[in-house]
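Okay, here's what each chain looks like letter by letter:
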Amino acid sequence: MTSIGIIGSGFGAIGTAVELTRAGHDDVRLWERSDDLGGVWRDNTYPGAGCDVPSPLYSYSFAVNTAWSRRYALQPEIHDYLARVADDFGIRPCIRFGHEVVSAHWQEADSQWEVGFASGATERVDILISAVGQLSEPRLPAIPGIEDFAGTSFHSARWDHDADLDGKRIAAVGIGASAIQYVPHLAERAEQLTLFQRSANYILPKPDGPLPRWYRAMTRLERGVWWFFGEQFSRGLDDHSRVGRVNRKVALEHLRRGVPDPELRRTLTPDYPIGCKRILFSNNFYRTVSRPDVDVVGDRITRITPTGVETADGTHHEVDAIVYGTGFDAQDFLSSIDVIGPGGRRLAEQWSEGAHAYLGMYVPGFPNLLVSYGPNTNLGGGSIIYMLEAQARHMRQVVDRLVAERHRTVEVRAEVEAEFDRSLQARLATSVWGNCDSWYRHPSGRITSNWPGATHPYARRTRQLEPEEFAWT
Ligand code: NAP
């Protein structure tokens, strides 16, 4: 029987496992470093954590959730949903908790991957699927003195729920999709909250609210509507279209209405094209920053001291606690795992100028390695679950064929991947991400995170396996 190992237990891993086991592939195991499943929806427990994609759209198509309690569900409900899917589809027993994968070495003689764990143990599988995601490794900023801070400090994805923040002076460093959700909660607890903002964000209002029981029958209808909106939204990021212009107008009007103080409004006005960084959604952020006990500092941070934060204008901001909402090592795809393919080829070296893979899933030179939520499959709008499902279906076809035709290995043809990457990068160069700085970009300049434009072309392209694009042995 063909053995399949999946690294992770988030949305990518669970969805892929369901797809494979339903197709009759019985030897599927998932390795999870933690003691619970859920990926980012397990790790991000900060106050207010939730999804800024409307919930009717945020579930698998094979397990549409019609029980969301509100239109933008919060983390505990999303985590529960994923756990329920794992239970309902029999995936939980396949998960090996407390298994942190640190290496994967190709074994030429047996055409297998030998997977190494932090414990020192190893296991072998015929097919290895990485589903570690793009946002699993929190990143603390490289600010001098960060180690010297004597108060409480933590990253948003490792929220310290025991920290005593009530009545304290709190610094929030980094204002992105996470911070915008917890900043209003911090403001409620702090004596004084200071937000250190490197770049301003475009923020759109959020049509949030409870979904009453009687309304839930409409979930599927809403799902279709939000999918359609998501497609238009994504298209707006791809080609500077009218959608982008409308979104910009709405965001600036939201700012104007939300922040009466012109100076604060100037600080909060982005100086780059809309969509370049992830567009945020919030109904209470502007209200929060307008409070008298909340400050927004636009000056660059030069140093963290034992008692506070120093900025380029020479001011020292004394604080008791620092919360870092500074994002993730999104460019280091799979870098926490030492992947060594045939001939000693290291994946990290192959990707040193930025990760690239055919359809985000298949890496030339690395047989029987499949990647879920790999390079260029992240989205600026719409639901990532749609992409993950499209990937799972394609990977399942690859595995089906490998098994049915008794091949030992499958690997994307190098020229197929190269041509795919060339046209993808050309397309991305004309997108809104082409000329600005964001976490979607590798230091080499390549945009390695995002898929350009709407998602249905990706689903169409991945619907049917084209066997001649791969080498089968
Ligand atoms: P993020 O969006 O990458 O935001 C990081 C913030 O930290 C930015 O404001 C960034 O400034 C700032 N920053 C980074 N390094 C800094 C430094 N050295 N000095 C000062 N500021 C620094 O991180 P995130 O908010 O955790 O979100 C990451 C991603 O997770 C999102 O883009 C999204 O894809 C996902 N997410 C999704 C949801 C959701 O609702 N679906 C919620 C949370 C997160 P610059 O902008 O100048 O780089």
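Residues numbered from 1 in each chain as written. Predicted model: local features only at pLDDT ≥ 70, side-chain atom pairs only at ≥ 80, totals over all residues. Heavy atoms only, no water.

Going by what an unreviewed UniProt entry lists, the chain is known as 4-hydroxyacetophenone monooxygenase and is assigned to Aeromicrobium marinum DSM 15272. UniProt, in the comment section headed Sequence similarities (unreviewed entry), describes the chain in these words: "Belongs to the FAD-binding monooxygenase family." (UniProt positions renumbered as here; feature names shortened; annotations may be inferred.)

Asker: Requested: an account of the overall build of the chain, with residues and values cited.
Answerer: Per the secondary structure count, the chain includes 12 helices and 21 strands. For 473 residues, the compact-globule estimate of 2.2 N^0.38 gives 23 Å, and the C-alpha radius of gyration of the chain, at 23 Å, lies within 12% of that figure. Its C-alpha atoms give the chain principal-axis dimensions of roughly 70 × 50 × 45 Å. Expressed as a percentage of the 473 residues in the chain, the buried residues total 56%. On the chain, roughly 20000 Å² of surface is accessible, and the fraction owed to carbon and sulfur atoms is 49%. (Helix = DSSP H or I, 4+ residues; strand = E, 2+ residues; numbered from the N terminus. Rg over C-alpha atoms; globule rule 2.2 N^0.38 Å. Buried < 20%, exposed > 50% of the residue type's maximum accessible area, 1.4 Å probe, protein only. Areas by Shrake-Rupley, 256 points an atom, 1.4 Å probe, with all protein chains shown as cover.)

Asker: Outline the packing of helix H10 (residues 384-404) against helix H12 (residues 456-463), supporting the account with residue identities and numerical values.
Answerer: In contact at an axis separation of 9 Å, H10 and H12 are set at 10 degrees when each is read in the N-to-C sense. In terms of axis orientation, H10 runs roughly parallel to H12. On the side of H10, the interface is formed by Tyr-386, Met-387, Ala-390, Gln-391, His-394 and Gln-397, while H12 contributes His-456, Tyr-458, Ala-459, Thr-462 and Arg-463. A class-by-class count of the residues in the contact of H10 with H12 yields five nonpolar, five polar and one charged. (Axes fitted to C-alpha atoms, helices over the stretch in contact; angles between N-to-C directions. Parallel < 35°, antiparallel > 145°, perpendicular 65-115°, else oblique. Contact = heavy atoms within 4.5 Å. Nonpolar A, V, L, I, M, F, W, Y, C, P; charged D, E, K, R; others polar.)

Asker: How would you sum up the sheet that holds strand S4 (residues 101-107)? Please name residues and give values.
Answerer: Spatially, four strands are ordered S6-S5-S4-S18 in an open sheet, and the strand pairing comes out mixed. One side of each edge strand has no neighbouring strand; the edge strands of this open sheet are strand S6 (122-125) and strand S18 (338-340). For this sheet the average axis-to-axis angle between neighbouring strands, irrespective of direction, equals 15 degrees. Taken together, the six bridges between S4 and strand S5 (residues 112-117) define a ladder with antiparallel strand orientation. Residue pairing across strands places Ser-103 opposite Gly-116, the latter belonging to S5. (Pairing = 2+ DSSP bridges.)

Asker: Run through a nonpolar patch on the surface, naming residues and quoting values.
Answerer: The grouping of Met-218, Leu-221, Val-225 and Phe-229 at the surface amounts to a nonpolar patch, some 380 Å² of accessible area in total. Within the secondary structure layout, Val-225 lies in helix H5 (residues 219-239). (Patch = residues over 30% accessible without salt bridge, like charges linked within 9 Å, V, L, I, M, F, W, Y side chains within 5 Å. Salt bridge = Lys/Arg side-chain N within 4 Å of Asp/Glu carboxyl O.)

Asker: I'd like a rundown of the site of the ligand, residues and numbers included.
Answerer: Around the ligand, the surrounding shell holds 21 residues, and the nearest of these are Asp-52, Ala-177, Ser-178, Arg-198 and Ser-199. Trp-439 is positioned with one of its side-chain polar atoms (N or O) 3.0 Å from an oxygen atom of the ligand. Here the residues of the shell around the ligand are counted per class, giving eight nonpolar, nine polar and four charged. Looking at the shell around the ligand, you find at least three residues from each of domain 1 (4-137 + 329-472) and domain 2 (146-202 + 241-324). (Near = heavy atom within 4 Å. Polar contact = N/O pair within 3.5 Å; in protein donor to acceptor, adjacent residues only side chain to side chain. Domains from an automatic or database assignment.)

Asker: An account of the state of the cysteines is needed here, citing residue identities and associated values.
Answerer: Tallied over the entire structure, the rule returns one disulfide. Shown here is the disulfide that connects Cys-276 with Cys-436, its sulfur atoms set 1.9 Å apart. Here the S-S torsion is close to 130 degrees, and the disulfide linking Cys-276 with Cys-436 is therefore right-handed. Of this pair, Cys-276 sits in the loop between helix H7 (262-267) and strand S12 (280-281) while Cys-436 sits in the loop between helix H11 (414-429) and H12, and the two are 160 residues apart along the sequence. Look at Cys-276 and you get buried, because its relative accessible area is 1%. You can call Cys-436 buried: its relative accessible area is 12%. (Disulfide = S-S within 2.5 Å.)

Asker: Provide a residue-level description of unusual backbone geometry, including the pertinent values.
Answerer: A positive phi is found at Ser-111, a non-glycine position, where the angle reads about 50 degrees. Secondary-structure assignment places Ser-111 in the loop between S4 and S5. Overall, the relative accessible area of 10% leaves Ser-111 in the buried class. A positive phi is found at Tyr-373, a non-glycine position, where the angle reads about 50 degrees.

Asker: Give a detailed account of the environment of Gly-298, specifying residues and quantitative values.
Answerer: Looking at the secondary structure, you find Gly-298 in the loop between strand S13 (294-297) and strand S14 (301-305). Between the C-alpha atoms of Gly-298 and Thr-311, which are 13 residues apart in sequence, the distance is 9.0 Å.

Asker: Provide a residue-level description of the packing of aromatic side chains, including the pertinent values.
Answerer: Under the definition given, this model contains 27 aromatic pairs. With 5.5 Å between their ring centres and 50 degrees between their planes, Trp-68 and Tyr-81 make a pair best called tilted. Linking Trp-68 in the loop between helix H2 (40-43) and helix H3 (75-88) with Tyr-81 in helix H3, this pair joins segments that are 13 residues apart in sequence. Classification of Trp-68 as buried rests on a relative accessible area of 1%. Accessibility expressed as a relative area gives 2% for Tyr-81, which makes it buried. Between Phe-233 and Phe-281, the ring centres sit 6.1 Å apart and the planes meet at 35 degrees, which makes this aromatic pair tilted. (Phe/Tyr/Trp six-rings, centres within 6.5 Å; stacked < 30°, edge-to-face > 60°.)

Asker: I'd like a rundown of the layout of surface pockets, residues and numbers included.
Answerer: The volume enclosed by the second largest pocket comes to roughly 470 Å³. Of the residues forming the lining of the second largest pocket, the biggest block, five residues, is contributed by H5. Each residue belonging to the lining of the second largest pocket can be placed in one class, and the counts come to 15 nonpolar, six polar and two charged. Counting the residues that make up the lining of the second largest pocket, at least three belong to each of domain 1 (4-137 + 329-472) and domain 2 (146-202 + 241-324). (1 Å grid on protein atoms, 1.4 Å probe; cavity = no way out; pocket = protein on both sides within 12 Å on 5 of 7 lines; lining within 4 Å. Points joined across faces, edges and corners; volume = space filled by probe spheres on them.)

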